[in-house]
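Survey of secondary and tertiary structure
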Amino acid sequence: NGVEITSQTRLFFAICKGKIIGVTGTKGKSTTTSLIYHILKEAGLQPILVGNIGKPCLDYMDENYGKGVYFCFELSSFQLSDLDRSPHIAVFLNIFKEHLDYHGGMDAYFRAKSNITRYQNNKDFFVYNSDFDSIKQLARETKATSLEFSLGDKKIKDIPLAGDHNLNNVKAAMLVARSLGISLKQITEAIKTFKPLEHRLQFVGEKNNIRFINDTLATIPEATIAALRAFDGQVGSIILGGSDRGADFGALAKEILNQKVLAVALFPDTGKRIWQAIEEVAPDKFPKHIFTKDMKEAVEFCYRHTPRGKVCLHSAASPSFSVFRDYVDRSNQFKSAISGLE
């Protein structure tokens, strides 16, 4: 009927008077966006956190507002899909299979993500992960100044975040800050005071020298693999499974066995497929396991089979919606079950 369909993100990009720093990627968006915000704030700039994390951008739709402000904007593929403008500084962290049920395939998913740099000009910056060929190709095509980072780069010490994947998040945030003229000393001092976000490799308790780590936002196998590697050799048990989006669990199964995990608690719907992948990798030797729909049962099982000094890791490799209301519900039930242990 000739009615235009738009979104709050698209409207905000059209009228924003400030500078937008947009962050996308399959994983790491919230941490990286929050870290950029923290560095800018510590450096005395005027950052505002908006998007998936932070306030809705509708709160800043006043056309007279925003000059001198840096909007740190976490952007999902859904928010990017209809954009006809790109942020002043675009960050592309990584790309894995996710949300394919919505986009219809990997090509469409990547196309939506690519809007973060598609409309940039030569006054803009594109911060990208060169470990991904598809993202590297975008860097060749963009008109913006490209700033690359990679897991193979020099390691960064003294960061309050576990895992190599978080090293990349820090590297991306550092490049954004440097592009704005913030000194390396200011950046490193700000990083040291950054507080890790909830639900992401979060230490939530200890019982009888067993540490419980909540990583409920690990909703794809690659994120759980990164979590296992972050605690290299220390994971005694792991809680897995959730709603099924067709992910391949072969690499995760290999990592679970490589890490010598002793016990696995498995939730529907993906729990059975994950266990099948483990059996295929090691048909004659695999960890103890339980299929369950109850978080208390899962935590108690893992607690019984985790050696003292090791970690019980809640990192499902799947979205939460099969049994739980959402990731917060899943996280809260995990924490509650720990508090009930004797």
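Rules used throughout
Residues numbered from 1 in each chain as written. Predicted model: local features only at pLDDT ≥ 70, side-chain atom pairs only at ≥ 80, totals over all residues. Heavy atoms only, no water. Salt bridge = Lys/Arg side-chain N within 4 Å of Asp/Glu carboxyl O. Phe/Tyr/Trp six-rings, centres within 6.5 Å; stacked < 30°, edge-to-face > 60°. Helix = DSSP H or I, 4+ residues; strand = E, 2+ residues; numbered from the N terminus. Disulfide = S-S within 2.5 Å. Axes fitted to C-alpha atoms, helices over the stretch in contact; angles between N-to-C directions. Parallel < 35°, antiparallel > 145°, perpendicular 65-115°, else oblique. Left-handed = near helix turned anticlockwise from the far one by under 90°. Contact = heavy atoms within 4.5 Å. Polar contact = N/O pair within 3.5 Å; in protein donor to acceptor, adjacent residues only side chain to side chain.

A look at the pattern of salt bridges
Applying the stated rule across the entire model yields eight salt bridges. One salt bridge connects Arg 325 with Asp 326, and the closest N-O pair in it is separated by 3.9 Å. Residues joined by salt bridges that share partners form a network here, namely Arg 10, Asp 84 and Arg 85.

Quick notes on the packing of aromatic side chains
Counting across every chain of the model gives ten aromatic pairs. Where Phe 212 meets Tyr 303, the ring centres are 6.3 Å apart and the plane angle is 35°; that geometry is what we call tilted. With a gap of 91 residues between them, Phe 212 in strand S8 (residues 210-214) and Tyr 303 in helix H12 (residues 295-305) connect regions that are remote in the sequence. Among the aromatic residues, those joined into a cluster by ring pairs are Phe 12, Phe 13, Tyr 60, Phe 71 and Phe 73.

Notes on the state of the cysteines
This structure, assessed with the given rule, holds zero disulfides. Cys 16 forms no disulfide, and the closest cysteine sulfur to it belongs to Cys 57, at a distance of 9.3 Å. Not engaged in a disulfide, the cysteine Cys 72 finds its nearest cysteine sulfur in Cys 16; these two sulfurs lie 11 Å apart.

Quick notes on the packing of helix H7 (residues 164-179) against helix H8 (residues 184-192)
At a closest axis distance of 10 Å, the pairing of H7 and H8 adopts a crossing angle of 140°. In terms of orientation, H7 lies oblique with respect to H8. Where H7 crosses over H8, the two elements pack in a sense that is right-handed. Residues Val 170, Met 174, Ala 177 and Arg 178 of H7 form the contact with H8, whose own contacting residues are Leu 184, Ile 187 and Ile 191.

So, the environment of Arg 178
You can see Arg 178 is positioned in helix H7. Along the chain, Arg 178 and Phe 110 lie 68 residues apart, while their C-alpha atoms are 27 Å from each other. If we ignore the near neighbours within four places in the chain, the residues touching Arg 178 are Ser 183, Leu 184 and Ile 187. Engagement of the side chain of Arg 178 in a polar contact is seen with the backbone oxygen of Ile 182, the distance being 2.8 Å.

Keep in mind that these numbers describe shape and distance, not what the molecule does.
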